[in-house]
Amino acid sequence: MRHNISRSARRITLFTAATTAVLLTAACSGPTDEADDGVTTIVLADAGLGTEADATAKAVEAFESANPDIDVKIESLSTDGTQYMQQLRQRLVAGSTTPDVFKAADIEIASLAESGWLYDLDSLGADPDSFVPGAVKAGQPDGTTVALPWFANVEGVFYRTDLVPEFPATPADLVAAAKAGAAADPAIEYGLAFEGAKYEGAVTVFNLVATGMGGGLDLDNIASDENVAALEFLHDAIYTEGISPEAVNQWHEGEVQEAFSSGQTVFSTNWPFVFGASADGPVDGKIGFAPFPGGGGTIGSEMLGINAKSEQAEAAWKLVQYLTSVEAQLARAEATGNPPSLLAAYNDELFEIAPYFAQVAAVAENATSRPSTPKYTEISAELQTALSSVFANLAEPRAALEEAAEKISEINGS
Amino acid sequence: MSTVSTRGPRAVPPSRAGGPPPRRRTHQTPRRRTQEDSARRLGNALVAPVLLVLLAITAYPLVNNLWNSFHQVILTKPGETPWVGIDNYTRLLGDPDFTDSLTRTLVYTVISVVLQIGLGVVVALVLHHEFRGRGFVRAAVLIPWAVPTVVSALLWRQMFDPRNGFVNYVLGALNLPGSDITWLAGEWTAWVAIFVADSWKTVPFVAILVLAGLQVIPSEIYEAGTIDGANRWQSFWRLTVPLLKPALLTALVFRVLQSFLIFDVIFAMTVGGPGDTTETVTYLNWEAFLVRSDFGAGGATSITIVVISLALAGLATLAIRVRKEDTL
Amino acid sequence: MNDRGITWQRMGFWVVVAFILIGSLFPFWWIVKTSLQSNQEFQAGTKGLLPEQVSFDAYVQVLSDPDFLRPVLNSFVICAAVTVITVLIASLAAYGLARMHVRRPSVILGVILLTGFFPVLAMVGPLFLVYRSLNLLDTFPGLIAADLVYTLPIATWLLYNFFTQIPSSLEEAALIDGASRMQALRMIIVPVAVPGVFTAAILSFILAWNDFAFALSFLQTPERFTAPLALVNLGQSQFQVFYNIIDAAVVVISLPVALLVLFAQRRIVSGLTAGAVK
């Protein structure tokens, strides 16, 4: 008996040890080796899927054929913006030398720079003046260029040209036009659709409306009268004027675009992808794009940065240069509707590809970017909470903004 | 914890009635003692793999978070990590946002667990009963699990969209109240939506656990009960429930902890909104790590969550254990 | 009990069954319905419970996407591995705790429980660093090891309950008849424990299947992605979420999982047979 038990004990321990050993050895099949036949491999981190990923893949292919000694590996971190940044940060924190080139939203650059993870692009020969001014600023949080804009998205107001003969000049006119348009077309269900969910998109909408009404995201003056008026405008659109549905509380850009592309809303706040997404649909050919009355617009650029620890900085720089060349910018604009960030790309060829880029350029002229600060994520979170409570009718605009302003000055003070 | 006495024959203590004091160990039958020791050693060897694996994975993160919680660790300032003692903890516990979210989370945990266990037991009883088509119903109950939680939460957000989902549409079609409510935009209606999305997957989980417990109960117990004149209801409460205690305890403990730690569903559906009304403690944990990049605060939140979880697990164990032990 | 009483009970029973089926399957029906809609139709909002015009575009896109089928396969492999390992070592542990006079089984069970409830978010960062230095990043074994944190606690508890409910008289009888402990284990305990083992197996498979956080953090090359990662990425572009495509993918994935469950649940046989006790 005793003999059996200790033998069983030994057998079991041996079995477990063997299994663990097998698993560990299998685990030690490490990453693939670097090719050392004269070809430099660089890693490009990207998020997009669908048309954006296709466009990126094509651009990379073109780059590789023009540069046979450079091989680019595209690493798809996540389509979700927050998760993408989390994944990227994880690698940078771990001191990884890859990805060599990565994209990041303009609002993230300041904090990435503060952590010292971005390569100095001026030293590689960057030419920031060749880019759309509103877009390139985000890449220079403390003067040195550490990121260049890949494409310069801008948010404005979409409207139905068949229902709105003249674009409104004031917010009150917009409300009236929305009601008139809704009365004119039975398919219309909403006057104004906007992104009211608790996420960054709500902040861009708020900035869009606020800058049109004389306010903006001045971090020292969040609860200004103009900002309160702007927030009241959005709140009243839902609860007083009834031109926006309560459902906006859970709407992101996708839902707002769906409503517009299906011909159910007169006005909507969104980004230029709506043009492409509405093609061949019920509103094709009836789409107008303009700044919010008073000249409001929000810039949201996607920037390209090089890993400060990259071991292939020159090759990485060549890729960045290619992606920000006229040729690549036009190709991408055609495929995805992403507005170019290079000034030179706003040429006749572009307007031939897609005439709507002229309207985009008009909105971009006066559009503002969001504050460039390493603490942006934290600050935006406070704004998002405030906006979300107002849109859900749980707080008054002035009180919510004042509370947010207090929290923001606390964040900035620390 | 065990409701069944399964201990084998005990070693008989040596008699001390008379005679010289026995030398240690020799008065007991040597074979029996060593047998029990060997059994224990074997038992330890059997338990070891599970403990080793779990500790291997969680040890470093636990230590790391613990260390971080006593230092100031901000991601954007790598390299400067001064000791701050219990600063992170006092700041956390004194933060009204934290106490609010803790209250919210606990309230949601209690209500949702009670409801989900209740529903799960009902489902388990149904699945245990013999009827034609039972296999199909069992598979149907488990289908929600084929959808990964993250995806399920995303889909439920769409289902609650007044414009593009079915909840408002169906409520309207059936003339029930609530068809014009934007569920995710209301202070408490958002919680209802979260509960529905969460239950779609967790009620089957409870049901499976309780079903496993039901199946260990041999049918003779019921036959004896019917002979003694007990009706269905009585036999359920007096016979089934006590024997289900281990399964119910498992279901309760795991559901309480899972509910307390709920994250994916909330993040996908409301992101803690509207306002901050659905921010749970795990949301604050996420915020500390990924919004403020404050790993010191994140570590403190994580450790606090673990401590509270311990307390909750303890409470749950007491809730079921307090009644008298039943043996099979 | 007269006939009327029994009929009410029976009706009540079937009503409950109906509610259960509706609760479980109606959302799934919605998923199927959306998957059969074209982009334009689903963007137009809810008009009814049936698609206006059945379109298989979403399925075509999903099934012709190489980035979809491979992750599903990866998930199956990983989940199968996690299930097998879990069932093996959890059974051993549960048996040890239930039968082998281990000191303080409740404490050990408590420790096992708690390791399973450390917030996953807090684990991901440190584990990423550890895996990186061990070269376990972007590998299946690394992910499998992490997924065990989800499955081992519940499996051990479940099997512990099972083993403690099995009367030791079964084993004693076998041992008296001259069988070794291992033989007793194999021939008496194992058949009786099969329902518990299969339940633990189903639970483990599904829990591993649902992992997202670990897969997201540890897997880097798209060829190694798991199904949840692929699903989340599949129907999304920067701004748009194509629910019809995601739903089509969900339907495609659920079918094999449903079949698996249908097969496995038949093995969840009822109760201890009277013969075994005798």
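Because the structure is predicted, anything quoted here is derived from the model rather than measured.

**Q** Please clarify how the overall build of chain C should be interpreted in this entry.
**A** Each helix and strand in chain C was counted, giving 13 helices and zero strands. Each helix and strand of chain C, ordered N terminal to C terminal, gives the series α-α-α-α-α-α-α-α-α-α-α-α-α. The C-alpha radius of gyration of chain C comes to 23 Å, more than 25% above the 19 Å expected for a compact globule of 278 residues. Expressed as a percentage of its 278 residues, the buried residues of chain C come to 54%. Long-range contacts, defined here as pairs at least 24 residues apart, represent 75% of the contacts in chain C between residues at least 6 apart.

**Q** Looking at this structure, how should I read the overall build of chain B?
**A** Looking only at helices and strands, chain B has twelve helices and zero strands in total. Traced from its N-terminal end to its C-terminal end, chain B shows the element sequence α-α-α-α-α-α-α-α-α-α-α-α. When burial is assessed residue by residue, chain B has 48% of its 328 residues classed as buried. Within chain B, residue pairs in contact and separated by at least 24 positions form 69% of the contacts whose partners lie at least 6 positions apart.

**Q** Help me out: how do you make sense of the nonpolar core in this one?
**A** Among soluble globular proteins, nonpolar side chains are generally buried collectively. Membership of the largest hydrophobic core comes to 316 residues, with the highest contact counts inside it found for V209 of chain A, A207, V210 and M269 of chain B together with A90, L158 and A249 of chain C. By residue number, the principal contributor to this core is helix 7 (residues 140–165) of chain C, which donates 17 residues. Ignoring sequence-local partners within four residues, the contact set of A207 of chain B consists of G120, V123, A124, L127 and V141 of chain B.

**Q** Please clarify how the interface of chain C and chain B should be interpreted in this entry.
**A** Often, the extent of an interface is quoted as the loss of accessible area upon association of its parts. Taken together, the contact pairs 86 residues of chain C with 84 residues of chain B. Take the side of chain C that touches chain B: its biggest share by element is 13 residues, from helix 7 of chain C. In terms of residue class, the side of chain C that touches chain B is made up of 65 nonpolar, 19 polar and two charged.

**Q** It is not clear to me how the packing of helix 5 (residues 149–159) of chain B against helix 7 (residues 189–215) of chain B should be interpreted in this structure. Could you clarify?
**A** Axes are the key here: two packed helices are described by the angle between their axes and the distance separating the axes. Residues and elements named next belong to chain B. Look at helix 5 against helix 7: their axes get within 10 Å of each other, and the N-to-C directions meet at 140°. The element helix 5 and its partner helix 7 pack so that their crossing is right-handed. Along the contact surface, helix 5 presents T149, S152, A153 and W156, while helix 7 presents A197, W200 and K201.

**Q** Even after reading the chapter, I still don't get unusual backbone geometry, so can you show me in this structure?
**A** Glycine aside, a negative phi is what most residues show, and trans is what most peptide bonds show. The linkage connecting T98 of chain A with the following residue, P99 of chain A, adopts the cis geometry, with an omega of 0°. Inspection of the secondary structure puts P99 of chain A in the loop between helix 3 (81–93) and strand 3 (101–105). In this model, G273 of chain B is joined to P274 of chain B through a cis peptide bond whose omega is -5°. Of note, D280 of chain A is a non-glycine position whose phi angle comes to about 65°, a positive value. Along the chain, D280 of chain A falls in the loop between helix 10 (273–277) and strand 7 (287–290). What makes D280 of chain A exposed here is the crowd of 9 C-beta atoms within 10 Å. In this model, N175 of chain B sits at a positive phi of 55°, which is unusual for a non-glycine residue. Looking at the element boundaries, N175 of chain B is found in the loop between helix 6 (167–173) and helix 7.

**Q** What is the right way to read the environment of Y239 of chain A from this model?
**A** Residue and element names in this part refer to chain A. Within the fold, Y239 resides in helix 8 (residues 225–239). The exposure class of Y239 is exposed, given the 12 C-beta atoms found within 10 Å. C-alpha separation for the pair Y239 and N393, spaced 154 residues apart in sequence, amounts to 8.1 Å.

**Q** I tried to follow the environment of S261 of chain A on my own but got confused; where do I start?
**A** Looking at the secondary structure, you find S261 of chain A in helix 9 (residues 253–261). When the 28 C-beta atoms within 10 Å are taken as the criterion, S261 of chain A is described as buried. C-alpha separation for the pair S261 of chain A and D280 of chain A, spaced 19 residues apart in sequence, amounts to 9.6 Å. Excluding anything up to four places from it in sequence, S261 of chain A contacts V274, A277, S278, G281 and V283 of chain A together with Q43 of chain C.

**Q** Explain the confidence of the model for chain C here, please?
**A** Where the model shows low pLDDT, its predicted coordinates should not be examined in detail. Of the residues in chain C, 91% have a pLDDT of 70 or more, and the chain-wide mean is 84. The low-confidence segment residues 269–278 of chain C, where pLDDT is below 50, has 17 contacts with residues more than four positions distant or belonging to other chains.

**Q** Mind showing me how you'd approach helix 15 (residues 376–391) of chain A here?
**A** Along an α-helix, a turn takes 3.6 residues, which lines up residues three or four apart on a common side. Residues and elements named next belong to chain A. For helix 15, with 16 residues, the first-to-last C-alpha span of 22 Å sits near the 22 Å given by 1.5 Å per residue. With 15 of 16 residues buried, helix 15 lies mostly within the body of the structure. A positive phi of about 65° marks N393, the residue just after helix 15.

**Q** What exactly am I supposed to notice about the environment of R160 of chain A here?
**A** Residues and elements named next belong to chain A. Secondary-structure assignment places R160 in strand 4 (residues 147–160). A residue is classified by how many C-beta atoms lie within 10 Å of it, and R160, with 21 of them, is buried. Sequence separation between R160 and V283 is 123 residues, and the spatial gap between their C-alpha atoms is 7.7 Å. Leaving out residues up to four positions away in the same chain, R160 has contacts with G181, V266, V283 and K286.

**Q** What is the right way to look at the confidence of the model for chain B in this model?
**A** Residues and elements named next belong to chain B. When pLDDT is averaged along chain B, the result is 84; 83% of the residues meet or exceed 70. Element-level pLDDT for chain B is lowest in helix 8 (residues 220–227), with a mean of 65, against a maximum mean of 95 in helix 3 (residues 96–128). Across residues 1–19, confidence stays below pLDDT 50; counting only partners more than four residues off in sequence or on other chains, it has 28 contacts. Every residue in residues 322–328 is under pLDDT 50, and counting partners more than four places away or in other chains gives twelve contacts.

What counts as what
Residues numbered from 1 in each chain as written. Chains lettered and ligands numbered in written order. Predicted model: local features only at pLDDT ≥ 70, side-chain atom pairs only at ≥ 80, totals over all residues. Helix = DSSP H or I, 4+ residues; strand = E, 2+ residues; numbered from the N terminus. Rg over C-alpha atoms; globule rule 2.2 N^0.38 Å. Buried ≥ 20, exposed ≤ 12 C-beta atoms within 10 Å, placed from the backbone. Contact = placed C-beta atoms within 7 Å. Core = buried A, V, L, I, M, F, W, Y, C linked by C-beta atoms within 7 Å. Nonpolar A, V, L, I, M, F, W, Y, C, P; charged D, E, K, R; others polar. Axes fitted to C-alpha atoms, helices over the stretch in contact; angles between N-to-C directions. Left-handed = near helix turned anticlockwise from the far one by under 90°. pLDDT = per-residue confidence, 0-100. Expected span 1.5 Å × (residues − 1).

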